[in-house]
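Inside the fold
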Amino acid sequence: MKRKLAVILLPVFLLAFVTGCWSRNELNEYSLAAGMSVDKQGDMYEVAVQVLEPKQYATNKKGGGGQSPVILFKAKGYSISEALRKMTKTSPRRIHLGHIRILAIGEKTAREGLNEIIDFLRRNWYFRADFDIVIAKGTAAENILTVMSPIDNVPAAKVYQSIETSEDYLSSAAGVKLDALITTLSSTGKSAVLPGLKVTGSLKKGNSEDNLKTIEPSSEIELLGLSVFKDDKLIGWLSQQESLGFNYITDNVTHSGLVIDCPSGKQKISYEVMRSKTKIKGKIQQGVPRVELFVRTEISIDEIACHMDLANPANIVALQEDASGYLEQLLFNTIKTVKTKYKTDIFGFGEVLHRADPRAWRELNENWDKKFSDLQVAVKAEVKIQNMGTVIHSMSKVAGKE
């Protein structure tokens, strides 16, 4: 009888400790942030947060509404956390940063160093690691959060989607998440890169609803090439072609395109890159490091203005050789620029050498940037044409103009 009574009373006793949520936070107590920017002037951080306005966001999604679906809150502080707390002076709700899509950092601030910003991000549990970190070139980072787009009227979401789409189909830029950046900054054999953005056109018109009502927007956010870091400081930029070369070298190309001169040199031929795989081997012989880079790429013909018979296998071989040579030159030029101009290993060759010979790497590790500038890199590309489209001959040949 006592045992049965204890079984009955135990759940009742335990319920006394779970009768409510003592630390609950209601959704209507928060404002959800879509993006965040950080600039620095002197000792002060200038922080801006793009917040969704729920009613207007829902109305705009349905095609109506006369107000912006987002609001920008700004504040200054001697630290990022102080600036965020000061936003409560103007924000009626506490801002929740757990769902931001991008973090924009001003170019000037990035040149001073990212360590303090990264330290703040990694210490705060409410930041998820799935947002992209970008550098605003030639403008304040907060301006990236103010330009509205007809396709997506939430600027932060538009920028995030542009990066994802460009990564999949152009491969001249790649999104960098928080965890990946922390890992790279902590590495001794690889330096960081981050995608860059700039504002084109009229910034004043870009942050108004008028920018949503025209066929050609007055202002847009343009995705640039990659920014190059040494330790945690920004030191320069790669061009679009060099950024593409970087992604080939680091095996980060899914789909892309190649535009190459025809063998005659008078017209162009455009290829779609269907898949690409890069293999890197490293070795250290008598203290001298060497790296061998091999890229195998499969392409299809998108457009061709060349006066040649594609039914002839010899011509296909010639096109493949030209494409292979073009790709090899692209990779060689990218490596040469980084070695001579920036003198920092953004490709991760040091990590490759470390895995190949950990003992010998210890001697190179302390002065790797200097050794990287003299590193011998052999580049080999093999391009295969797998598809010529639904026709074989060019229109010039069909029209009898060859």
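Before going into details, it helps to say that this report is about the structure given with it.

Rules used in this analysis
Residues numbered from 1 in each chain as written. Predicted model: local features only at pLDDT ≥ 70, side-chain atom pairs only at ≥ 80, totals over all residues. Heavy atoms only, no water. Salt bridge = Lys/Arg side-chain N within 4 Å of Asp/Glu carboxyl O. Buried < 20%, exposed > 50% of the residue type's maximum accessible area, 1.4 Å probe, protein only. Disulfide = S-S within 2.5 Å. Helix = DSSP H or I, 4+ residues; strand = E, 2+ residues; numbered from the N terminus. Contact = heavy atoms within 4.5 Å. Pairing = 2+ DSSP bridges. Core = buried A, V, L, I, M, F, W, Y, C linked by side-chain atoms within 4.5 Å. Axes fitted to C-alpha atoms, helices over the stretch in contact; angles between N-to-C directions. Parallel < 35°, antiparallel > 145°, perpendicular 65-115°, else oblique. Left-handed = near helix turned anticlockwise from the far one by under 90°. Nonpolar A, V, L, I, M, F, W, Y, C, P; charged D, E, K, R; others polar. Phe/Tyr/Trp six-rings, centres within 6.5 Å; stacked < 30°, edge-to-face > 60°. Lys NZ or Arg CZ within 6 Å of the ring centre and 35° of its normal.

**Topic: the pattern of salt bridges**
- Across all of its chains, the model carries 17 salt bridges by this definition.
- The partner of Asp232 in a salt bridge is Lys233, with the nearest N and O atoms 3.6 Å apart.
- A relative accessible area of 8% places Asp232 in the buried class.
- Accessibility expressed as a relative area gives 38% for Lys233, which makes it partly exposed.
- With a closest N to O distance of 2.4 Å, Lys268 and Asp261 form a salt bridge.

**Some words on the state of the cysteines**
- The tally for this structure, following the rule as stated, stands at 1 disulfide.
- Across the disulfide, Cys262 is cross-linked to Cys306 (sulfur-sulfur distance 1.8 Å). The chirality of the disulfide connecting Cys262 with Cys306 is left-handed, given an S-S dihedral of about -85°. Linking Cys262 in the loop between strand E10 (256–261) and strand E11 (268–285) with Cys306 in the loop between strand E12 (288–304) and helix H10 (313–342), this pair joins segments that are 44 residues apart in sequence.

**Considering unusual backbone geometry**
- The phi dihedral of Ser171 falls on the positive side, at around 65°, and the residue is not glycine.
- Within the fold, Ser171 resides in the loop between helix H6 (155–169) and helix H7 (178–186).
- Using a relative accessible area of 0% as the deciding quantity, one classes Ser171 as buried.

**Quick look at the side chain of Thr109**
- Of note, Thr109 is situated in helix H4 (residues 107–112).
- On the basis of relative accessible area, Thr109 is assigned to the buried category, the value being 3%.
- Discounting chain neighbours no more than four positions away, the residues touching Thr109 are Val38, Asp39, Lys40 and Ile117.

**Remarks on the environment of Gly348**
- Considering the arrangement of structural elements, one finds Gly348 in the loop between H10 and helix H11 (349–356).
- Expressed as a C-alpha distance, the spacing of Gly348 and Ala192, which sit 156 residues apart in the sequence, is 9.4 Å.
- Each residue touching Gly348, except ones within four places of it in the same chain, is listed here: Gly189 and Lys190.

**Observations regarding the pairing of strand E9 (residues 233–237)**
- Relative to E9, strand E8 (residues 219–230) runs antiparallel, the two being bridged by 4 bridges. Its bridge partner lying in E9, Val228 is registered against Gly236.
- The antiparallel hairpin formed by E8 and E9 contains 2 residues in its connecting segment, where Asp231 sits at a positive phi of about 55°.

**Remarks on the nonpolar core**
- Judged by nonpolar contacts, the single largest core of 47 residues is most densely connected at Tyr248, Ile269, Tyr271, Phe347 and Phe349.
- Ranked by residue count, the leading element in this core is H10, at 9 residues.
- Apart from residues no more than four positions distant in its own chain, Ile269 is found in contact with Leu258, Val259, Ile260, Asp261, Cys262, Ile301, Glu303, Ile304, Cys306 and Leu319.
- Residues Phe73, Met87, Ile182 and Ala192 belong to the second largest nonpolar core, which totals 37 residues.

**With respect to the packing of helix H5 (residues 115–123) against H7**
- For the pair H5 and H7, interaxial distance at closest approach is 11 Å and the crossing angle is 125°. As summarised for this structure, H5 and H7 are arranged oblique, according to the angle between their axes. Crossing of H5 over H7 shows left-handed handedness. When H5 is examined against H7, the residues Ile118, Leu121 and Arg122 are found in contact with a partner set consisting of Leu178, Leu181, Ile182 and Leu185.
- In terms of residue class, the contact of H5 with H7 is built from 6 nonpolar, no polar and 1 charged.

**Thoughts on the packing of aromatic side chains**
- Under the counting rule described, the total for this entry stands at 9 aromatic pairs.
- An angle of 55° between the planes, with centres 6.2 Å apart, marks the rings of Trp368 and Phe372 as tilted. Here the residue Trp368 and the residue Phe372 both occupy positions in helix H13 (residues 368–373), the gap between them amounting to 4 residues, near one helical turn.
- Taken together, the aromatic side chains of Phe246, Phe347, Phe349, Trp361, Trp368 and Phe372 make up a single cluster linked through ring pairs.
- A cation over a ring is seen here: Arg101 above Tyr160, with NZ or CZ 3.9 Å from the ring centre.

**Focus on the packing of helix H9 (residues 240–249) against H10**
- It is the contact of H9 with H10, at a shortest axis distance of 9 Å, that shows an interaxial angle of 100°. What the angle tells us is that H9 and H10 run roughly perpendicular. Mapping the contact onto sequence places Gln241, Glu242, Leu244, Gly245, Phe246, Tyr248 and Ile249 in H9 and Tyr326, Leu327, Leu330, Leu331, Thr334, Ile335 and Thr337 in H10.
- Here the residues of the contact of H9 with H10 sort into 9 nonpolar, 4 polar and 1 charged.

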